[in-house]
Amino acid sequence: GYLDALAEYNLPADLNLVSPPSKGLWEPKVGEEVVSLFLDERGVAFDAVVGVSDGIAIGVMRALQARGIHIPNEVAVVGFDDIDSCTCVMPPLTTVSVQGYELGRHAVETLVTVLAGEEVPNQVDVPLPLIVRQSCGCISPNVAQAPAGPVAVAGELFEALTQAQQDH
């Protein structure tokens, strides 16, 4: 994805920022090893990591935090899967939801179409929603849509209440 996005915008690729395939293991340990590879072996600086799975992204978060690197202020982290653990880590992991039900529905529809002797497209795109949480440093869409203005506390403006507390 990194290489495809750079190519689409005619930007140069830095292969030092691409980790080797994880050999099918999408566990936190792989993410921890990737951080060591980037920082210790390759000595590259980065400000974001996109994991091929939430497990790897969670391992990246653990390794960065063990080094005193703050997520998301210093490095943003995003995963892929939307596993339950995404909401159990601090900060909660931003991820892409796999939408297993939708993928399965499209697969069965395609199979039924093939069995009926009809042609099917070579590719079917299923939108996968981005689940914005805190690990990417993005503002939640709910927060961005919240009304702005003075905050009322028990009928008093927040500023007046704060000033009264400071006076005492």
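Residues numbered from 1 in each chain as written. Predicted model: local features only at pLDDT ≥ 70, side-chain atom pairs only at ≥ 80, totals over all residues. Heavy atoms only, no water.

Quick look at the overall build of the protein chain
- Counting its secondary structure elements, the protein chain contains six helices and six strands.
- Reading the protein chain from its N end, one meets helices and strands in the order α-α-β-α-β-β-α-β-α-β-β-α.
- When each of the 168 residues of the protein chain is scored for burial, the buried share is 26%.
- Intrachain contacts of the protein chain at a sequence separation of at least 6 include 62% that bridge at least 24 residues.
- In the structure as shown, the protein chain presents an accessible area of about 11500 Å², 58% of it carried by carbon and sulfur atoms. (Helix = DSSP H or I, 4+ residues; strand = E, 2+ residues; numbered from the N terminus. Buried < 20%, exposed > 50% of the residue type's maximum accessible area, 1.4 Å probe, protein only. Contact = heavy atoms within 4.5 Å. Areas by Shrake-Rupley, 256 points an atom, 1.4 Å probe, with all protein chains shown as cover.)

Thoughts on a nonpolar patch on the surface
- Taken together, the side chains of Tyr2, Leu3 and Leu15 make up a nonpolar region of the molecular surface, amounting to roughly 280 Å² of accessible area.
- Relative to the helices and strands, Leu15 resides in the loop between helix H1 (2-8) and helix H2 (28-41). (Patch = residues over 30% accessible without salt bridge, like charges linked within 9 Å, V, L, I, M, F, W, Y side chains within 5 Å. Salt bridge = Lys/Arg side-chain N within 4 Å of Asp/Glu carboxyl O.)

Considering the packing of aromatic side chains
- Tallied over the entire structure, the rule returns one aromatic pair.
- Each ring, one from Phe38 and one from Phe46, has its centre 5.7 Å from the other, and the planes form 65°; the classification is edge-to-face. The pair formed by Phe38 and Phe46 is uniform in burial state, with each residue classed as buried. (Phe/Tyr/Trp six-rings, centres within 6.5 Å; stacked < 30°, edge-to-face > 60°.)

Concerning the pattern of salt bridges
- Applying the stated rule across the entire model yields six salt bridges.
- With a shortest N-O distance of 2.6 Å, Arg67 and Asp40 are connected by a salt bridge. Remark: Asp40 occurs in helix H2 and Arg67 occurs in the loop between helix H3 (54-66) and strand S2 (76-78); sequence separation between them is 27 residues.
- The exposure class of Arg67 is partly exposed, given its relative accessible area of 39%.
- Among the ionic pairs, Arg105 bridges to Glu109, the shortest N-O distance being 2.6 Å. Here Glu109 and Arg105 lie together in helix H4 (residues 100-115), a separation of four residues that amounts to about one turn.
- When its relative accessible area of 31% is taken as the criterion, Arg105 is described as partly exposed.
- According to the relative accessible area criterion, Glu109 is partly exposed, its value standing at 39%.
- The network of salt bridges with shared partners includes Glu102, Arg105 and Glu109.

Quick look at the packing of H2 against H3
- It is at 6 Å that the axes of H2 and H3 come closest, and there the two elements cross at 50°. The pairing of H2 with H3 is recorded here as oblique in orientation. H3 is crossed by H2, and the crossing has right-handed handedness. Between H2 and H3, the residues in contact are Pro28, Val30, Gly31, Glu32, Val35 and Leu39 and Gly55, Ile56, Gly59, Val60, Arg62, Ala63 and Leu64, respectively.
- Class assignment for the residues of the contact of H2 with H3 results in eight nonpolar, three polar and two charged. (Axes fitted to C-alpha atoms, helices over the stretch in contact; angles between N-to-C directions. Parallel < 35°, antiparallel > 145°, perpendicular 65-115°, else oblique. Left-handed = near helix turned anticlockwise from the far one by under 90°. Nonpolar A, V, L, I, M, F, W, Y, C, P; charged D, E, K, R; others polar.)

Purely geometric numbers; function is a separate question.
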